[in-house]
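Okay, here's what each chain looks like letter by letter:
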Amino acid sequence: MRVGNIELQFIPAHYLHSSGNFNVYDPKAKILFSGDIGACLEAPEAPLEVEDFNEHIPKMKLFHQRWMPSNAAKNDWISRVRKLEIDMLVPQHGRMFKGENVTKFLDWFEQLQVGSAISQKE
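Here's what I pulled together on the structure shown here. (Residues numbered from 1 in each chain as written. Predicted model: local features only at pLDDT ≥ 70, side-chain atom pairs only at ≥ 80, totals over all residues. Heavy atoms only, no water.)

**Comments concerning the pairing of strand S4 (residues 22-26)**
The pairing of strand S3 (residues 9-12) with S4 spans four bridges and is classified as antiparallel. Bridge assignment links Pro-12 to a residue of S4, and that residue is Phe-22. Bridging between S4 and strand S5 (residues 31-35) involves three bridges; their strand directions are antiparallel. Among the inter-strand pairings, Asp-26 is bridged to a residue of S5, identified as Ile-31. A loop of four residues connects S4 with S5, the two strands running antiparallel in sequence, and Lys-30 in this loop sits at a positive phi of about 60°. (Pairing = 2+ DSSP bridges. Helix = DSSP H or I, 4+ residues; strand = E, 2+ residues; numbered from the N terminus.)

Structure, rendered in structure tokens:
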């Protein structure tokens, strides 16, 4: 889709976390606007960018397990976005992921079991 001089791609992200969800990808800027994927809830004064990925995991883990209801949908999305050149993954809540933290997020999210029926024993 063209918006002015900008070419945007809409990436299906169905059931992550709503049924008709799409992400928006700017191939020129290499930015994926990922909606709730990668989101976390923290204080407004938190930094804009994830600096220490491992330290950031607890801030997003339960959100993703609760609001992402389908491992099949999650894996479909991951296979789609791994084909894109992404320099920044920008969720609508929380911090943005840049550079190697994009791959770290995809690797982490891929192994995370999601869905509201998951037992929270941790």
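The structure having been displayed, the exposition proceeds.
**A few points about a nonpolar patch on the surface**
Together, Met-1, Val-3, Ile-6, Phe-10 and Phe-22 give the surface a local cluster of nonpolar side chains, amounting to about 480 Å² of exposed area. Position of Phe-22 among the secondary structure elements: in strand S4. (Patch = residues over 30% accessible without salt bridge, like charges linked within 9 Å, V, L, I, M, F, W, Y side chains within 5 Å. Areas by Shrake-Rupley, 256 points an atom, 1.4 Å probe, with all protein chains shown as cover. Salt bridge = Lys/Arg side-chain N within 4 Å of Asp/Glu carboxyl O.)

**Thoughts on the sheet that holds S5**
The strands making up a sheet associate through hydrogen bonds between their backbones, and the pairing can be parallel or antiparallel. Taken in spatial order, the five strands line up as S3-S4-S5-S6-S7 in an open sheet, and their pairing is mixed. Looking along the sheet, the strands with just one partner apiece sit at the ends: S3 and strand S7 (97-98). Relative to strand S6 (residues 88-91), S5 runs parallel, the two sharing four bridges. From the neighbouring strand, Gly-35 faces S6, where its bridge partner is Pro-91.

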